[in-house]
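Descriptive analysis of the structure
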Amino acid sequence: MKKNRQNRFPKQLTVGEVARRSGVAVSTLHFYEAKGLIRSWRTNGNQRRYAREVLRRVAIIRVAQRTGMELEAIRRALKALPRERTPNAEDWKKLSVNWKGELNERIDRLTRLRDQLDGCIGCGCLSMEACPLRNPWDRLSKQGPGPRLLEPQTKE
């Protein structure tokens, strides 16, 4: 029975198997590997092989990306996980708690942006005296509306 299970669930997966089972393109897997999000090794025939736990890691990456997490933040989080085993529910809980704060900040920022949009629409150059969206510390707005940096500089 154990041998049959090993045949059904091999410990090593080809890049094509990982792509098929995770729903991610082969090129995406190569990209993730280049960014240090997942890892593989090479056979004697120079073919990539992945441990089965890479499937869970790819799932975590995809969920994190859907929430808008940057790849560097995902890489740092995955680096904290043990490499020798499949990430489990406890690992996911730790990751999600850390990401929740970042997501809440992003939600707050987007909510403020949404609520301030109507104050800027119609400006054209987005250089209003108090543009909270494009450039809230715009010093050039004191010189009046318009694209100030595109005009020739004159000595006064």
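Residues numbered from 1 in each chain as written. Predicted model: local features only at pLDDT ≥ 70, side-chain atom pairs only at ≥ 80, totals over all residues. Heavy atoms only, no water.

Comments concerning the side chain of Glu 33
- Here Glu 33 is to be found in helix H3 (residues 26–34).
- A polar contact is formed between the side chain of Glu 33 and the side chain of Ser 40, at a distance of 2.5 Å.
- Apart from residues lying up to four places away in sequence, Glu 33 is in contact with Ile 38, Arg 39, Ser 40, Arg 48 and Tyr 50. (Helix = DSSP H or I, 4+ residues; strand = E, 2+ residues; numbered from the N terminus. Polar contact = N/O pair within 3.5 Å; in protein donor to acceptor, adjacent residues only side chain to side chain. Contact = heavy atoms within 4.5 Å.)

Observations regarding the sheet that holds strand S2 (residues 41–42)
- An order of S1-S3-S2 is seen for the three strands of this open sheet, with the pairing classed as antiparallel. Lying at the two open borders of the sheet, with one neighbouring strand each, are strand S1 (12–14) and S2. (Pairing = 2+ DSSP bridges.)

Quick word on the packing of aromatic side chains
- This model, assessed by the stated rule, comprises two aromatic pairs.
- Centroid distance Phe 31 to Tyr 32: 6.4 Å. Interplanar angle 50°. Geometry classified as tilted.
- Among the residues examined, Tyr 32 registers a relative accessible area of 1% and is labelled buried.
- Each ring, one from Trp 92 and one from Trp 99, has its centre 5.9 Å from the other, and the planes form 75°; the classification is edge-to-face. (Phe/Tyr/Trp six-rings, centres within 6.5 Å; stacked < 30°, edge-to-face > 60°. Buried < 20%, exposed > 50% of the residue type's maximum accessible area, 1.4 Å probe, protein only.)

Observations concerning the nonpolar core
- Ranked by internal contacts, the top residues of the largest apolar core, which has 24 residues, are Leu 29 and Ile 38.
- Here this core gets six residues from one element, more than from any other, and that element is helix H4 (residues 54–66).
- Excluding anything up to four places from it in sequence, Leu 29 contacts Val 15, Val 18, Ala 19, Val 24, Ile 38, Tyr 50 and Val 58. (Core = buried A, V, L, I, M, F, W, Y, C linked by side-chain atoms within 4.5 Å.)

With respect to H4
- Along its 13 residues, H4 runs 18 Å from first to last C-alpha, staying within 8% of the 18 Å computed at 1.5 Å per residue.
- Within H4, burial applies to Val 54, Leu 55, Arg 57, Val 58, Ile 60, Ile 61 and Ala 64.
- Contacts made by the buried residues of H4 are with S1, helix H2 (15–22), H3, strand S3 (48–51), helix H5 (71–79) and helix H6 (89–116).
- Gly 68 lies just past H4 and shows a positive phi near 95°. (Expected span 1.5 Å × (residues − 1).)

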